[in-house]
Each structure stands twice: as C-alpha cells, then as structure tokens.
Amino acid sequence: MDRYDGLSSLAAPCPPTTLIPSGSFQTSVISRDIDTVTKFIGAGAATIGVAGSAAGIRTVFGSLNIGYARNSSLKQQLISYEILGFALSEAMGLFCLMVAFLILFAT
C-alpha cells in the first residue's frame, strides 16, 4: 500500500486530556478591583484638561475685552482671533474628555 493513500490513515485520535478547555479566562476579585481603580484614576487625570480648557476660554474672552477697550476700531479682527482661540481651547477640552471616556468605557 502506498504511504500517501489518504489522510485518515495518518490521523491518530487525540486523547481527551490534550484538548484545550473552552472556558473563559478568570481573574481574581482583587485584580479586577485594581483595574477598576486605575481606570477611574486615569479618567480623572484626563479630565483635568477640561479645567485647562475653561481657563483658556476665560483668557481668550478677557483678552478680547481688553483689546476692544484699547482699540475699538479693530473689532472685526479681534472677533476673528477670539473665535479661533475659543475653538482651539474648546477642542482641547473635548479631546481630554474623549480620552477620559475611552479610558472608562473602551477597555
């Protein structure tokens, strides 16, 4: 008989002890608690940037008031700078908030 007759003659049955169990990976309660605490600490640290965004927006509007009081003829140019500064400050705050939500809910 030729040794390449079929795969059925080559395959040997596996004993049940060599099969990989299909159960889920279990962690301890302490490990899950530590993971939860680190998520909350990381999300809290990421939301500090929202306070920085609020301070930046306050600075932008304060500078607009000072600039308008000093030279009211530049109103349109000051408003355009104010909108740009507001948008950039707000975007940074939203990025920080997004990172906090990713830390909390994505992992």
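Residues numbered from 1 in each chain as written. Predicted model: local features only at pLDDT ≥ 70, side-chain atom pairs only at ≥ 80, totals over all residues. Heavy atoms only, no water.

Applicable threshold: UniProt positions are given in the numbering used here, feature names are shortened, and annotations may be inferred rather than shown by experiment.
In the nomenclature of an unreviewed UniProt entry, the protein corresponds to ATP synthase lipid-binding protein from the organism Cricetulus griseus. Taken directly from UniProt, the Subcellular location (unreviewed entry) text for the protein runs: "Mitochondrion membrane". The record in UniProt for the protein states the following under Sequence similarities (unreviewed entry): "Belongs to the ATPase C chain family."

A closer look at the packing of helix 2 (residues 48-70) against helix 3 (residues 75-105)
Any two packed helices are characterised by how steeply their axes cross, that is the angle between the axes, and by the distance between the axes. Stated formally: In this analysis, axes come from line fits to C-alpha atoms, helices being fitted only over the stretch in contact, and the angle between any two N-to-C directions falls in the range 0 to 180 degrees. Note on conventions: DSSP H or I runs of at least 4 residues are helices, E runs of at least 2 residues are strands, and numbering of each starts at the N terminus. Our angle categories are set so that under 35 degrees counts as roughly parallel, over 145 as roughly antiparallel, 65 to 115 as roughly perpendicular, and the remainder as oblique. The contact criterion used throughout is that any non-hydrogen atoms of two residues lie within 4.5 Å. Polar here means any residue outside two lists: the nonpolar Ala, Val, Leu, Ile, Met, Phe, Trp, Tyr, Cys and Pro, and the charged Asp, Glu, Lys and Arg; Gly therefore counts as polar.
Running from amino to carboxyl end, helix 2 crosses helix 3 at an angle of 175°, the nearest separation of the two axes being 8 Å. Comparing their axes, helix 3 and helix 2 come out roughly antiparallel. Each of G49, V50, S53, G56, I57, V60, F61, L64, G67 and Y68 in helix 2 lies in contact with helix 3, whose residues at this interface are K75, L78, I79, E82, G85, F86, S89, E90, G93, C96 and L97. Of the residues in the contact of helix 2 with helix 3, the class split is 11 nonpolar, seven polar and three charged.

A short note on the environment of T47
Inclusion rule: The rule is simple: take the accessible area with a 1.4 Å probe, protein chains only, and divide by the maximum for that residue type; under 20% is buried, over 50% is exposed, in between is partly exposed.
Relative to the elements of secondary structure, T47 occurs in the loop between helix 1 (29-46) and helix 2. Its relative accessible area of 32% is what places T47 among the partly exposed residues. Between the C-alpha atom of T47 and that of F101, which follows or precedes it by 54 residues, the distance is 9.3 Å. In contact with T47, other than residues within four places in its own chain, are L97 and A100.

Some remarks on the side chain of E82
Note the following rule: Asp and Glu count as negative and Lys and Arg as positive, but His and the ends of the chain are not part of the count. What counts as a salt bridge is simple: a side-chain nitrogen of Lys or Arg found within 4 Å of a carboxyl oxygen of Asp or Glu.
Considering the arrangement of structural elements, one finds E82 in helix 3. Buried charge without a salt bridge: E82, with K75 as the nearest opposite-charge side chain at an N-O distance of 10 Å. Discounting chain neighbours no more than four positions away, the residues touching E82 are V60, F61 and L64.

Concerning a nonpolar patch on the surface
Heads up, the condition is: Like charges are joined within 9 Å and nonpolar side chains (Val, Leu, Ile, Met, Phe, Trp, Tyr) within 5 Å, but only among residues with over 30% relative accessible area and no salt bridge; these make up the patches. In these tables, accessible area is a Shrake-Rupley quantity obtained with a 1.4 Å probe, and a residue counts as shielded only by the protein chains included in the view.
A contiguous nonpolar patch, built from V50, L94, L97, F101 and F105 and spanning about 480 Å² of accessible area, is present on the exposed surface. It is helix 3 that contributes the most residues to the nonpolar patch, four residues altogether. Mapped onto the fold, L97 is located in helix 3. You can call L97 partly exposed: its relative accessible area is 32%.

Considering helix 2
The condition that has to hold: Expected span, for any helix, means 1.5 Å times one less than how many residues it has.
Across its 23 residues, helix 2 extends 34 Å between first and last C-alpha, which sits within 8% of the 33 Å expected from 1.5 Å per residue. Within helix 2 the residues assigned to the buried category are S53, I57, V60, L64 and G67. Buried residues in helix 2 make contact with helix 3.

So, the side chain of S89
Within the secondary structure, S89 sits in helix 3. The class of S89 is buried, set by a relative accessible area of 15%. Once residues lying within four places of it in the same chain are set aside, the contact partners of S89 are S53, G56, I57 and V60.

Remarks on the packing of helix 1 against helix 3
Running from amino to carboxyl end, helix 1 crosses helix 3 at an angle of 175°, the nearest separation of the two axes being 8 Å. Judged by the inter-axis angle, helix 1 sits roughly antiparallel to helix 3. From helix 1, K39, F40, G42, A43 and A46 reach across to helix 3, where they touch C96, V99, A100, I103 and L104. Residues that form the contact of helix 1 with helix 3 fall into these classes: eight nonpolar, one polar and one charged.

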